[in-house]
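# Notes for the structure review
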Amino acid sequence: MKLIFERGKEGQACTLMPACDVPQVTLAAPKREKKLHLPHVSENELSRHYTELGKQVHGVNDGFYPLGSCTMKYNPKVNEKAAALPGFTNVHPLQPAHTVQGCIEVLKQTQEMLCEITGMDAMTLQPAAGAHGEFTGLLLIKSYHESRGDVKRTKIIVPDSAHGTNPASATMVGYDIVNIPSAADGCVDIEKLREAVGEDTAGLMLTNPNTVGIFDKNILEITSIVHEAGGLVYYDGANLNAVMGVVRPGDMGFDVIHLNLHKTFSTPHGGGGPGSGPVGCKSFLAQFLPGLQPVEKDGALSLVAPENSVGSVKAFHGNFLVVVKAMTYILMLGKEGIPAAAKNAVLNANYMMNKLKDIYPMAYDTVCMHEFVMCLEKMKHDIDVSAMDVAKALLDYGIHPPTMYFPLIVHEALMVEPTETESKETLDEAIAVFRKIYEDAQANPAAMHECPVHTPVRRLDEVRAARKPVLRYTFE
Ligand SMILES: *Cc1c(COP(=O)(O)O)cnc(C)c1O
C-alpha cells in the first residue's frame, strides 16, 4: 500500500476549517530552517489511509489470536466508555488534589483490588508495562538489601524457561544472572535451585504458572529456599490470567510482583496499548515504591511519596486511563467473575490441547493451565515442516499464529493460549484448521514452505527486519 506521504498532493489538504479571521503573526525566533514535511491529503483520503492500514494487520477484533504468554483476550467496549468519561479525560496531573478526588479514588480502589487479587500489601500503578514493572520491582529488592547494608547480594536467579525480559531487567538494575535449568517436568529443578542460592543471592524471578503452562507444584518450597538464603522472590505476573481469584502470589511466598493490565485485565495490547505494569509488594517493601501513593485523611484524598521511594519510573501516575479500563473490567467481573475467567481460560486451553495432542505432540503431556506448548520437532525431522511453517499456514485461515520458538527449552515450539473470551465454536473452528494444516502438510510438505499466500505480505526477511529495521521515511 501507499504511504501517507505518497498519497495526495500539495494544496490538497483538509478544507473543513474556516479561514483565519484574526491577524496572523510570524514568530521570528524559533524558525525552521527547512519546511516541515507534512502529508497533503483531504480528510477522506486520510480516513481511507488508516482504514487500509487497519486491514493489513490482525487484531483480536479480526479473529482468533492465541498468542501464548501474551493473553490476547477480548477487550470489552465498556472499558473504553468508562475511560472516555470527561471527568477522567479533562484533568491534568498537576491539578490540586481537592479538584481530582474521583481520579485519586480510582488509583486507590484499583490498587486495593489488585492487592486483594494478588495477596500483596501495597501497589504502584506507575510502570508502563510488564518489563518496566520487572525493572521497578527489582529496584525495590535492591533498595531492601542496600537499606540493610547487605551489599554482597549481586545475583538474581532466573530459570531457563523465563521470559527474556527477566534477565534483561535484572541486568539493567545491575545484577548478574544465574540461569538454572528446568527439571524434566518443566518446573524448577529444586536441587539446582538449592545449589544456586547463597549469600550472594539477591532474589529469584519466577512465572507461575510458568512459560510452559504448568503450575509449579513445589512453589512453597521454592520460595522458602530463597527466603532461607536471605533472598527475595519476584513474581512475573504475565500468567496471572490462569489463577486470578483462585490462588494468590502473596500466599505462594512472593515478595514483589508485576501485573500486565494489558494481558490479564483486558486493556488494549500489541501496538495499540499503551500498556500498564503495576508492581505490588509486601508491606516491608512499600517504603521503596516509586511515584505517589493515595492517602486518605479526614475524608479527603491526597498523594504522598513513600518514605524511601526509589523515585519515579514514569511521569505522574503511569497510564492513568489504562488503569480506569482495568478497574472497570475488575468491577464488571466482580468476585465471582474473576476466578470464573481464570477457570474458563484453563478449561479452554485443556480442551484445545486434548483435541490436538493425537497429531501435534505436546512438550509436556499433563493437565495444562491457560496455555500449552506443542513440540513439532518430529514433524520437522520427518517431513521438514517446521513450527514456523504451521504458524504461517494459520495466517491463511485468518488465525493469528501462536507464540513461536518460545520458551527456548522446547524445540520447534508453538505455544497456544486461547483465553477465556473465545467460544467453544471458535475453538472448534481453530482445532479444525490445525488438523487440516496437519493433513495438508502430510500430503504436500513442500507447499507448506510457501505459506502464507493470502496475506498482504508473504514471508518477510525477519532477521533483516530485526537487525536493520527501517523505521523512518527518507524524503528525497
Ligand atoms: C509479556 C511478558 C513479559 C513482559 O511484559 P510486557 O508487558 O510485554 O513488557 C514478561 N514475562 C512474561 C512471562 C510475559 O509473557
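That block above? That's the structure.
In short, a report on the structure.

### Some details on the overall build of the protein
Helix and strand counts for the protein come out as 15 helices and twelve strands. In terms of overall dimensions, the protein is globule-like: its C-alpha atoms have a radius of gyration of 25 Å, near the 23 Å expected for 476 residues. When the backbone C-alpha atoms are referred to their principal axes, the protein occupies close to 80 × 70 × 45 Å. Expressed as a percentage of the 476 residues in the protein, the buried residues total 48%. With the model as given, the accessible surface of the protein reaches about 23,600 Å², and the carbon-plus-sulfur share is 57%. Positive and negative side-chain charges in the protein, numbering 43 and 55 respectively, have mean positions lying 6 Å apart.

### Quick notes on unusual backbone geometry
Between F406 and P407 the backbone carries a cis peptide bond, its omega angle lying at -5°. On the secondary structure map, P407 appears in the loop between strand 11 (403–404) and strand 12 (413–416). The amide bond that connects C451 to the next residue, P452, takes the cis arrangement and shows omega of 0°. Note on placement: P452 falls in the loop between helix 14 (445–448) and helix 15 (462–467). Phi is positive for S69, close to 75°, though the residue is something other than glycine. Along the chain, the position of S69 falls in the loop between helix 1 (43–55) and helix 2 (77–83).

### Regarding the packing of helix 10 (residues 320–356) against helix 13 (residues 424–443)
Relative to each other, helix 10 and helix 13 sit at 30°, their axes nearing to 10 Å. On the basis of the axis angle, helix 10 is roughly parallel to helix 13. When the axes of helix 10 and helix 13 are compared, the crossing they make is right-handed. Of the residues in helix 13, those touching helix 10 at N348, Y351, M352, K355 and L356 are K424, L427, D428, A430, I431, F434 and R435. Here the residues of the contact of helix 10 with helix 13 are counted per class, giving seven nonpolar, one polar and four charged.

### Let's talk about the site of the ligand
The immediate surroundings of the ligand are formed by S69, A129, G130, A131, E134, H163, T165, D236, A238, N260, H262 and K263. Backbone polar atom of G130 to an oxygen atom of the ligand: 2.7 Å apart, as the coordinates give it. Against a free-state accessible area of 380 Å², the protein chains account for coverage of 88% of the ligand. Ranked by residue count, the leading element in the shell around the ligand is helix 5 (residues 130–147), at three residues. Considering only residue class, the shell around the ligand consists of three nonpolar, six polar and three charged.

### As for the nonpolar core
Among the nonpolar cores identified, the biggest contains 54 residues, and L193, M244, F254 and F265 are the most heavily contacted of them. Of all the secondary-structure elements, those providing two or more residues to this core are helix 2, helix 4 (101–118), helix 7 (190–196), strand 4 (201–207), helix 8 (219–228), strand 5 (232–236) and helix 10. Per-element tally for this core: the top contributor is helix 10, with twelve residues. Excluding its chain neighbours within four sequence positions, the residues that come into contact with F265 are L114, I117, L240, M244, L259, N260, A326, Y329, I330 and I338. M353, L376, V390 and I437 belong to the second largest nonpolar core, which has 31 residues in total.

Cut-offs applied
- Residues numbered from 1 in each chain as written.
- Predicted model: local features only at pLDDT ≥ 70, side-chain atom pairs only at ≥ 80, totals over all residues.
- Heavy atoms only, no water.
- Helix = DSSP H or I, 4+ residues; strand = E, 2+ residues; numbered from the N terminus.
- Rg over C-alpha atoms; globule rule 2.2 N^0.38 Å.
- Buried < 20%, exposed > 50% of the residue type's maximum accessible area, 1.4 Å probe, protein only.
- Areas by Shrake-Rupley, 256 points an atom, 1.4 Å probe, with all protein chains shown as cover.
- Lys, Arg positive; Asp, Glu negative; His and termini not counted.
- Charge placed at Lys NZ, Arg CZ, Asp CG, Glu CD.
- Axes fitted to C-alpha atoms, helices over the stretch in contact; angles between N-to-C directions.
- Parallel < 35°, antiparallel > 145°, perpendicular 65-115°, else oblique.
- Left-handed = near helix turned anticlockwise from the far one by under 90°.
- Contact = heavy atoms within 4.5 Å.
- Nonpolar A, V, L, I, M, F, W, Y, C, P; charged D, E, K, R; others polar.
- Near = heavy atom within 4 Å.
- Polar contact = N/O pair within 3.5 Å; in protein donor to acceptor, adjacent residues only side chain to side chain.
- Core = buried A, V, L, I, M, F, W, Y, C linked by side-chain atoms within 4.5 Å.

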